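Structural overview for review
Each chain, letter by letter, is given below.
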Amino acid sequence: MRTSALLGCLLLLLGTTSCNKNHAVAPPTTSTAPQTTSADAPFKLVEVAEQKGLHFRHTATSRSPITIVETMGSTACFLDYDNDGWEDVLLVNAGQDFQNPKQTSGTKLFHNNGNGTFTDVTAESGIVVESFATGACVGDYDNDGYDDILITGFGRNYLYRNLGNGKFKDVTAEAGLQRRPNAWGIGCAFVDVNRDGLLDIFIGNYVVYDPHMPFCQTANVKHGCTPNQYSTQASELYINQGHGKFVEKAKELGAENKKGASLGVLLCDFDNDGWVDIFIADDGTPNTLLHNLHGKFEDIGQKSGVAYGEDGGMRAGMGTDAADVDGDGKFDLTITNFSNEVTTLYRNLGNMNFQEVSYPSGIGQPSLGKLKFGIVFADLDGDGLPDIYQGNGHVHDTIEKFHDVDTFEEVDQVYHNIGNGKFKEVLPSTGAFPGTRSVTRSISTGDFNNDGKIDILINSLNRPVRLLENQTPMKGHWIGLKLIGTKSNRSAIGARVELKASSGNQMKEVRSGGSYIGQNDLRVLFNLPENADTSHLVINIRWPNGTQQTISKPTLDKYSKVEEPR
Amino acid sequence: MENRPTNLKRLVVLLVLAVVVAGSIAGKNAWQTKQEARIRSMGITELEALAKKQPASNVLYALGLAYAQEGKYTLAIKQFLAVLDKEPTRADVLNDLGVSYLLESRYYESLVALQGALQIKPNFGAAYANMGRLHIATKMPFTAVKELEKADSLEPKKVTTLCDLGQAYQRTLNYKLALTAYQRALEIDKQSLQAYIGTGQAYYAMTQYDKAEEHLKQALAISPTDSNALLALGRVQLERAVTPTDLANTQATLEKAVRADQDEPESWYMLGRLRSRQGRHKEALEMQKRALRMGAGHTGALYQLERCLRAVGQNTEADRVAKIHEKRKLHDRKELQLEEQISHNNDDWDSRVELAKLYIESGKHSLAVLLCKRIQEEKPDHPQLPQLLQLLNTPATSPVPSTLLTGNKP
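Bear in mind the structure is a predicted one, so any value in this text is a computation, not a measurement.

Residue and element names in this part refer to chain A. You can see G446 is positioned in strand β30 (residues 440-446). It is 24 Å that separates the C-alpha atoms of G446 and Q549, two residues lying 103 residues apart in sequence. The contact partners of G446, leaving out residues within four places of it in the chain, are F78, K453, I454, D455 and D521.

Now the structure itself:
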């Protein structure tokens, strides 16, 4: 049996242990190995954040050891807030000291200049986040054609209404997002749970932090406690009443997840019944799968087989994503976990029944040695199969003082989908991606330069933002779709898009939230393998309210707007 | 699951023999040595008869050691206590008494005996090593490391001490140190089965599966039917298995493990998991039931039982098992929480009481006793102590209803 990283030195018998040493703060550093691409690299991701104008460094604290609040990191989001067809970037910051109710806002909004470079527009945007912020998600809750932003965090959440003129307004209070006392929101998503065409808001709350227990210790080394030391918090589900008002109904609708320490929140219609389900990666408690039964929910995590690991243990669920990894027309589920726990891959067998295939898929063993947070499925090499980018970094900044293998900073991992649901780890030494040692938390995907290749945006704890531009020389065509709801919610969140192609069918959904506190580009991107026959391509869209639409001969190699039939 | 020191059984025999040899040689004259040798060569029946006629300390001690060698620890304890009645300052006997208690999972008594041995003989390496083993069993691996390091410094080059030190290092997440300890053991004894298994397990924990397999196979070259080595190898193989051939190889290993120790629930559980991977759910179901009949506290088997029941369409039973499993896991979470709290606050008696209750509920009786004794000694006026002691004496019930575990022989 593997040894958990949480090793309390018990005092069952005799003796005492002492909390000592306030460890010196190590300056945050990242180091990037020289990058040369070898023939083994199926793709090429190149770090370009600074070069493209994303000047941002996350801050959470300058102390050491860091507490559970400080170690959770913050999000990096793609969104097109001004509808110019170019993905902008929101980079959320935590703050200086979570114990203070107000932080100096460090959250930044970057406008895409229309050529893949960015300009900091925070000052004129009206976004001022004074809480110790963590997650964010995007969706047009008032259907005015402009995507709004929800920012979660320790202390309070913010709902920012996009006014459509480049400015945002804090409408948290007037919208009725009254939080439970001591709530600590992490993952979130805009989701139309009842298919009334209005986006509701789901917020996964983590644990009740106890200031009397900031640190735990292992072998006389202090470190932040794991969530096991704190009581869990119920999630919140705010139902959109229209006219900008929400009412919290998590308990009434069966979406409370009271026993879960919620982190990653993922929307996915796993049973393809047209009603979006909600999966929650819970940290140290059983994962939750809220099955949407026409607007009400039932937690079927255990019944469906996704609540626990194969050994029946509660893993430290962090990030999560879903994609059809084996081309069987069903969304499979992945979850990141603690070090010495695998990155879980559950194969969707249908009828809300899942089977863990972490080891046989090839991602189990390589993932064991890392502590994993953000995770995204992304077709990095344009072959039509979803690969995996996984962000790593330990939760304890003092880990190296009591663990002779694990490290605080870690290198991210990438798994190449080699077909039939199998993956092969691609090492940074191949030049496929930078071997940056960091403490990765949030990962989001988007196509920031509209070249039809998916890029990766990463926010790491106390470190500079990273934007990995996909520079893979793809020779195949691509199809990019921006869905606009008319009867459904305008962001089309919850829409399912299928590409029928002789080279292989593909399936995507428009999702708010996801990964670990991530927000991907809301557009849908399909890549086709080189020499794929493009003469008989068909796109089937199932809009969030159930309307079906078929598009024959979709436009290739550019993004197209698709409006829901009225 | 409570950590019973089953892997210490062979070790203790070596230890007690070492102690008795050392004790008998020192300061004895030739006649005495001859007499001791004659007693040591006697079987249990002879010793029992002799003890009735002539209950001298050396006879009772020899009888105790003979019982211990046969795994009859309760009887061994009785003899050791009888010796100590006559000679209360015998450190060697106290050490053997401590080991016997440890192997009976009577942790508190073991602690007292070993502390006694060390008070009498402060540089008693074997007693330090046993204290370390006790602390591994009682979830105090950091303390165990210190004690085993001390034992190693007092009596260097003892393979068993080094192997247990390796185990303690692993439990404190110091895998590289563990490998060093096992390497030292192998330098002393190139055929040390325990050192090869330990090395394999350390590499497994470090996810270096090639090296893990290599060392576990070396262990099996020394002892082809060793159940621990087979099980450890099967675990590695199952995690690496991708193709049907991989699964078939894993199956062969796990079936050997099951044959080597039919009463080991972990082997049946692992074999059941393999069967599930092969899609043979009915067989898997029977194997998980069997694992649970042998070890009702095996939460992995409980979870797999639930998955198997669903796979064969027995959803009502699966729901029942799921509820038991969920309750157990949330119970485990609470235990962890309290253990951590206690480690922070030595005076948190309420948490100790609560933790003792949870230990009783989850069948960790020995750990519960240990906590209760501590509370009795240091906080005798705690208002919940009487209720706790009453709970301690209530017979435990199986957490899994037997109706869920009946089935065919796999």
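Turning next to the sheet that holds strand β7 (residues 148-154) of chain A. All names here are of chain A. Overall, antiparallel pairing links the four strands, which are arranged β6-β7-β8-β9 in an open sheet. Edge positions in the open sheet fall to β6 (132-139) and β9 (168-170), since each of these has one partner strand only. On average, each strand axis in the sheet is inclined to that of its neighbour by 25 degrees, with strand direction left out of account.

Residues and elements named next belong to chain A. What the rule picks out here adds up to two disulfides over all chains. The partner cysteine of C137 in its disulfide is C188, sulfur to sulfur 2.2 Å. Across the S-S bond of C137 and C188 the torsion is about -125 degrees, and the bridge reads as left-handed. Of the two residues, C137 is situated in strand β6 and C188 in strand β10 (residues 185-191); the sequence distance between them amounts to 51 residues. Comparing C137 with C188 shows no difference in burial state: the two are buried. Between the sulfur atoms of C216 and its disulfide mate C225 the distance is 2.2 Å. Of note, the bridge from C216 to C225 carries an S-S torsion of about 105 degrees and is right-handed in sense. Exposure class is identical for C216 and C225. Each is buried. In chain A, the bonded cysteines, taken in the order they occur along the sequence, pair up as 1-2, 3-4.

Looking along a regular strand, one sees side chains alternate from face to face of the sheet. All names here are of chain A. Because side chains alternate across strand β23 (residues 353-356), one face comprises the buried residues F354 and E356, and the other comprises N353 and Q355, none of which is buried. Of the pairings in the sheet, the one linking strand β22 (residues 344-350) to β23 comprises four bridges and is antiparallel in character. Its bridge partner being in β23, N348 is matched across the sheet by F354. Turn length for the β22-β23 hairpin, with the two strands adjacent in sequence and antiparallel, is two residues, and the turn residue N351 shows positive phi of about 55 degrees.

Moving on, we get to the layout of surface pockets. Residue and element names in this part refer to chain A. Its volume calculated, the second largest pocket comes out at about 670 Å³. For the second largest pocket, the lining is made up of 41 residues, of which F377, A378, M507, K508 and L525 are closest to its centre. Among the secondary structure elements, those contributing two or more residues to the lining of the second largest pocket are β20 (320-323), β24 (372-378), β30, β35 (506-509) and β36 (524-527). No other element matches the four residues that β35 contributes to the lining of the second largest pocket. In terms of residue class, the lining of the second largest pocket is made up of 18 nonpolar, 13 polar and ten charged.

Here the focus is the interface of chain B and chain A. Facing 59 residues of chain B, the contacting portion of chain A comprises 58 residues. Buried area between chain B and chain A, summed over both chains or domains, comes out near 5100 Å², and the portion from carbon and sulfur atoms is 56%. For chain B, the biggest contributors to the area lost against chain A are F142, L173 and R333 of chain B; these three give 15% of the whole. Counting across the interface, chain B meets chain A through two salt bridges. One salt bridge in this structure joins E326 of chain B and K259 of chain A, with 3.8 Å as the shortest N-O distance. One can count 17 residue pairs in polar contact (both at pLDDT 80 or more) joining chain B with chain A. Tallying contributions element by element places helix α19 (residues 315-344) of chain B first for the side of chain B that touches chain A, with 15 residues.

With that settled, the discussion passes to the nonpolar core. I68, V69, M72, W184, I186 and Y206 of chain A together with L388 of chain B are the most contacted members of the largest nonpolar core, which has 139 residues in total. Here this core takes nine residues from helix α4 (residues 57-69) of chain B, the largest share from any one element. For Y206 of chain A, the contacting residues outside a window of four places in its chain are I68, M72, W184, I186, P227, T232, Q233, G260, A261, S262, L263 and D283 of chain A. In this structure, Y81, V171, L199 and V276 of chain A belong to the second largest nonpolar core, which totals 68 residues.

Residues and elements named next belong to chain B. For the pair helix α14 (residues 227-240) and helix α15 (residues 244-260), the least separation of the axes is 8 Å and the interaxial angle reads 160 degrees. Between α14 and α15, the crossing angle belongs to the class labelled roughly antiparallel. Regarding α14 and α15, the two cross each other, and that crossing is left-handed. Between α14, through S227, L230, L231, L233, G234, Q237, L238 and R240, and α15, the contact on the second element is made entirely by D246, L247, N249, T250, T253, L254, K256, A257 and A260. Along the lines of polarity and charge, the residues of the contact of α14 with α15 split into eight nonpolar, six polar and three charged.

Parameters at a glance
- Residues numbered from 1 in each chain as written.
- Chains lettered and ligands numbered in written order.
- Predicted model: local features only at pLDDT ≥ 70, side-chain atom pairs only at ≥ 80, totals over all residues.
- Heavy atoms only, no water.
- Helix = DSSP H or I, 4+ residues; strand = E, 2+ residues; numbered from the N terminus.
- Contact = heavy atoms within 4.5 Å.
- Pairing = 2+ DSSP bridges.
- Axes fitted to C-alpha atoms, helices over the stretch in contact; angles between N-to-C directions.
- Disulfide = S-S within 2.5 Å.
- Buried < 20%, exposed > 50% of the residue type's maximum accessible area, 1.4 Å probe, protein only.
- 1 Å grid on protein atoms, 1.4 Å probe; cavity = no way out; pocket = protein on both sides within 12 Å on 5 of 7 lines; lining within 4 Å.
- Points joined across faces, edges and corners; volume = space filled by probe spheres on them.
- Nonpolar A, V, L, I, M, F, W, Y, C, P; charged D, E, K, R; others polar.
- Buried area = accessible area lost by both parts, 1.4 Å probe.
- Salt bridge = Lys/Arg side-chain N within 4 Å of Asp/Glu carboxyl O.
- Polar contact = N/O pair within 3.5 Å; in protein donor to acceptor, adjacent residues only side chain to side chain.
- Core = buried A, V, L, I, M, F, W, Y, C linked by side-chain atoms within 4.5 Å.
- Parallel < 35°, antiparallel > 145°, perpendicular 65-115°, else oblique.
- Left-handed = near helix turned anticlockwise from the far one by under 90°.

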